[in-house]
Amino acid sequence: MSGILIAFVLAFLILNYKEAEGDTTSTMDTQVLSAVTPSTEDTAKATADDEITPTADSTSDNETAVNDSDTLAADSKQDISLATDNSMEEESSDAASSTTESVTQIPDTQAANGSASGTSSNTAATTATIAPTSTPALTEEAVSTVDNDIEIGETDLTGLIDDIDEVSTLFDEEEITETNDSITYVTFNGSDITITGSGCKESDGNLLIKSSGTYVLSGTFTGGFVIINVDEEEAVELVLNGVIITNTDGAAIYIKDSPYTQITLMDGTTNKLTDGSEYVYEDAENEEPSATLFSKDDLTITGTGTLIIDSNFKDAIVCKDTLTIESGTFTITSVDDGIIGRDMLLINDGTFTIDCAGDGLKSTNDETTETGSILIKDGVFMISSDADGIQAVAYLAIEDGDFTILSGVASINYDSGDASAKCLKANTSILIGGGTFDLTSQEDTIHSDAIITIDGGTFTLDAEDDGIHSDTQLTINAGTIIITASYEGLEGTNIDITGGNITVNASDDGINVAGGTDSLTGGSYQDTFSSAGSRALNISGGTITVTAAGDGLDANGSIYISGGTIYVNGPTSSGNGALDYDAVCQITGGELVLAGSSGMAQAPDSSSTQNTLAATFLQTMSSGTVIEIKDSSGNTVLSYTLTKNAQSFIVSLAALKTGSTYTLYANGSSQGSATISSVITYINGSSSGGTLPGSTSPGGTMPGNRR
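What you are looking at is a predicted structure, and each value in this text was computed from that prediction instead of being measured.

What counts, and where the lines are drawn
- Residues numbered from 1 in each chain as written.
- Predicted model: local features only at pLDDT ≥ 70, side-chain atom pairs only at ≥ 80, totals over all residues.
- Heavy atoms only, no water.
- Salt bridge = Lys/Arg side-chain N within 4 Å of Asp/Glu carboxyl O.
- Buried < 20%, exposed > 50% of the residue type's maximum accessible area, 1.4 Å probe, protein only.
- Patch = residues over 30% accessible without salt bridge, like charges linked within 9 Å, V, L, I, M, F, W, Y side chains within 5 Å.
- Areas by Shrake-Rupley, 256 points an atom, 1.4 Å probe, with all protein chains shown as cover.
- Lys, Arg positive; Asp, Glu negative; His and termini not counted.
- Charge placed at Lys NZ, Arg CZ, Asp CG, Glu CD.
- Helix = DSSP H or I, 4+ residues; strand = E, 2+ residues; numbered from the N terminus.
- Pairing = 2+ DSSP bridges.
- Axes fitted to C-alpha atoms, helices over the stretch in contact; angles between N-to-C directions.
- Contact = heavy atoms within 4.5 Å.
- Polar contact = N/O pair within 3.5 Å; in protein donor to acceptor, adjacent residues only side chain to side chain.
- Phe/Tyr/Trp six-rings, centres within 6.5 Å; stacked < 30°, edge-to-face > 60°.

> Could you give an account of the pattern of salt bridges, naming the residues involved and the relevant values?
By the definition in use, this model includes 7 salt bridges. Here Arg342 and Asp343 are joined by a salt bridge, their closest N and O atoms 3.5 Å apart. A residue is classified by how much of its surface remains accessible, and Arg342, at 23% relative accessible area, is partly exposed. A salt bridge links Asp359 to Lys362; its shortest N-O distance comes to 3.0 Å. Considered together, Asp359 and Lys362 belong to a single accessibility category, that of buried residues. Three or more residues are tied together by salt bridges with common partners; here these are Asp337, Asp359 and Lys362.

> Would you mind going over a negative patch on the surface in detail, with residue names and values included?
Residues Asp402, Asp438, Asp462 and Glu464 make up a contiguous surface patch of negative charge. With respect to the helices and strands, the residue Asp402 is situated in strand S25 (residues 402–407).

> Help me get a handle on the sheet that holds strand S46 (residues 626–631), residues and values and all.
Each strand in a sheet pairs with its neighbour through backbone hydrogen bonds, running either in the same direction (parallel) or in the opposite one (antiparallel). Strands sit in the order S47-S46-S49-S50 across an open sheet of 4 strands; the sheet is antiparallel. The two strands at the open ends of the sheet, each matched to only one other strand, are strand S47 (636–641) and strand S50 (669–675). Direction aside, the axes of adjacent strands within the sheet are offset by 15° on average. Two elements, S46 and S47, share 5 bridges in a ladder whose sense is antiparallel. Within S47, the residue paired with Val626 across the bridge is Thr641.

> I'd like a description of the environment of Asn271, backed by residues and values.
By secondary structure assignment, the location of Asn271 is in strand S10 (residues 270–275). Each C-alpha atom, one on Asn271 and one on Thr306, is 6.0 Å from the other, the two residues being 35 residues apart in sequence. In this view, Asn271 contacts Leu240, Asn241, Gly242, Val243, Leu265, Thr306, Leu307 and Ile308; residues no more than four positions away in its chain are not counted. Among the polar contacts made by the side chain of Asn271, one reaches the main-chain amide nitrogen of Gly242 at a distance of 2.7 Å. Among the polar contacts listed, one links the side chain of Asn271 to the backbone nitrogen of Val243, at a separation of 2.9 Å.

> Any chance you could break down the environment of Gly360 for me, citing the residues and the numbers?
With respect to the element layout, Gly360 can be found in the loop between strand S19 (351–356) and strand S20 (361–363). Along the primary structure Gly360 and Ser334 are separated by 26 residues, whereas in three dimensions their C-alpha atoms are 9.2 Å apart.

> Please provide a residue-by-residue account of the pairing of strand S12 (residues 299–303), values included.
Along S12, 5 of the 5 residues are buried, which leaves the element largely enclosed by surrounding structure. Residues of S12 alternate between two faces, with Leu299, Ile301 and Gly303 on one and Thr300 and Thr302 on the opposite face, all of them buried. With 5 bridges connecting them, strand S9 (residues 260–265) and S12 associate as parallel partners. Paired with Gln262 across the strands is Thr300, a residue of S12. In this sheet, strand S15 (residues 322–325) lies alongside S12 in parallel orientation, the contact comprising 3 bridges. The residue bridging Ile301 from the neighbouring strand is Ile325, located in S15.

> Requested: an account of the packing of aromatic side chains, with residues and values cited.
Aromatic rings in a pair are described by how distant their centres are and how their planes are angled relative to each other. With the rule as written, the count across this model stands at 12 aromatic pairs. Between Phe225 and Tyr254 the ring centres are 6.5 Å apart and the planes differ by 50°, which places this aromatic pair in the tilted class. Of this pair, Phe225 sits in the loop between strand S5 (213–221) and strand S6 (226–229) while Tyr254 is found in strand S8 (residues 253–257), placing the two residues 29 residues apart along the sequence. Given the relative accessible area of 13%, Phe225 is considered buried. Given a relative accessible area of 0%, Tyr254 falls into the buried group. Geometrically, the ring pair formed by Phe617 and Phe649 is tilted, given 6.4 Å between the ring centres and 35° between the ring planes. Taken together, the positions of Phe617 in strand S45 (residues 612–621) and Phe649 in strand S48 (residues 646–652) put the pair 32 residues apart, joining distant regions of the chain. With respect to burial, Phe617 and Phe649 carry one shared label: buried.

> Account for the pairing of strand S27 (residues 429–432), with residues named and values stated.
Of the two faces of S27, the one carrying Ser429 and Leu431 and the one carrying Ile430 and Ile432 are both buried. Looking at chain direction, strand S24 (residues 395–398) and S27 are connected through 4 bridges and run parallel. Bridged to Ala397 within S27 is Leu431. Relative to strand S30 (residues 451–454), S27 runs parallel, the two sharing 4 bridges. Counterpart to Ser429 in the pairing with S30 is Ile451.

Now the structure itself:
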């Protein structure tokens, strides 16, 4: 139920946030980002002009390309449009497909007719430099085509959020229905800018976009940056078609004022943005822009091309509103953060390689409870960060994806007392529905200041501190989790495990139920948790294997086991026990095997309904010893091979029947027998459920243990 509650809270918060934002974006209700067509007049000219040559190799090929382009345009209408009305999408698709044939001929038409509208100051050279072969990619693929799996009102976080089929308003709610009426082509050559079309101009060595429309950029630009400053409430699409932009004085692309901007990475192209190590701010008062790609308004990045960003000043991509990444391949090197969506970061798909000195992915707006979240539907993520790999100030929700994250381990300047170096981190909640995670961190690999819910996925975690840490509630319902190294494996104020396959290796406690917050003290990890009977570890399913140098299962409160299979190996030190609890340890089902030292050993208590056999060997059994429990007929009830040295061996199984006699063997040698007459029965002690030799607290406490 916790997953359902979290989901409703998340949906509620996002809805409230978008409703609050609605007044500023409602004027976009009739806009669209899609395959863009020329005017009727231009189309007529293109048709009538016999001197215009097609960009395809032959007429036949060109017809095929046009037909393909029609289909792509129709698809793009449905994919790019954020509308939920299917009929509206179909009408837009029909409109696009009816006019797409002329799209790829705009440069040729304008060149043949000597059009100079919308050109920069070097007008004479504008049309002369545009050749029919300058836009082959646009013949192969219409501008704005994208496989948009996440749509308004149709985002389904299947397996992540139970009982919720739709989380609406993850993106803008506006229905975008009207087609832009022009494509403008911009070719860079060093500091020279050649423009074919309208809506933009050269301004002080920069490219200034002042009107809505689609702008296709290509070439190498070293003269300045691209700035989008649209007065009217309309949308801009920026198509990167093999462009390299280097600005030594500031950002490469600055979206200053544009209600909705989409950047499309053209299929088969590689695009690169580079900034300088020192900025001359365009907006000095607000110190903006402050990233290589900087947007003050909502931004969507899509397409199947590649974007390389070399950030030398601060961050690589910053959006101060909602940043949506639908697809693309991203290679980012940054002296600070990689990608920031301040209000919200939404990723549908893509391939991300990020090497940064700060955080990899980040959402930062903590001014309201409705902002600061990251939602990832799918993608491939390879992040090497000196700080956190992925950090959300509110919610982090992951449905699927492939994540390889190194946090805090690659930096020689890392100071554990100064910065956070966690792989996945959120202040409010982390929800994971699936995916593959290979996480290595200087601190916790997965950390939430509140709630963590794992409903699936495959995890390989290597942590200097905790494998998975929640300050409040940790719930694991499914998935394969392998914690190869940690200080403490699983930690939370309350932990519920209902399923999954979990393997924990810990230098201290394997699974720890405590309270408080996670912190560093004196160079080592000290969790400021206190004992409290209300805190609990609840296990009702799954397979759990714990290897711990400290306590195996440790609750500063109670432990309740009703199902699942649990194996604990260790500790070997007499100062710790395979089982450690302060209030109650009640077992009513499942399978529990505890092997470890005897000095602080505890067994489940007498409130249990499933029988337990607890034994202390007269000498320490070495790793590799085969331990067997057999009934009076010689049938093997349990066979277990020790993975560490052990002197205490405690077993609770449904097969242990009251009134039956069982014998314990070590490598075939009998270690003692006992007849079960109560829920706790001791071998080498009282067969009626009393104590082992030297114990002072019958019914659960073994020799020398603290209470």
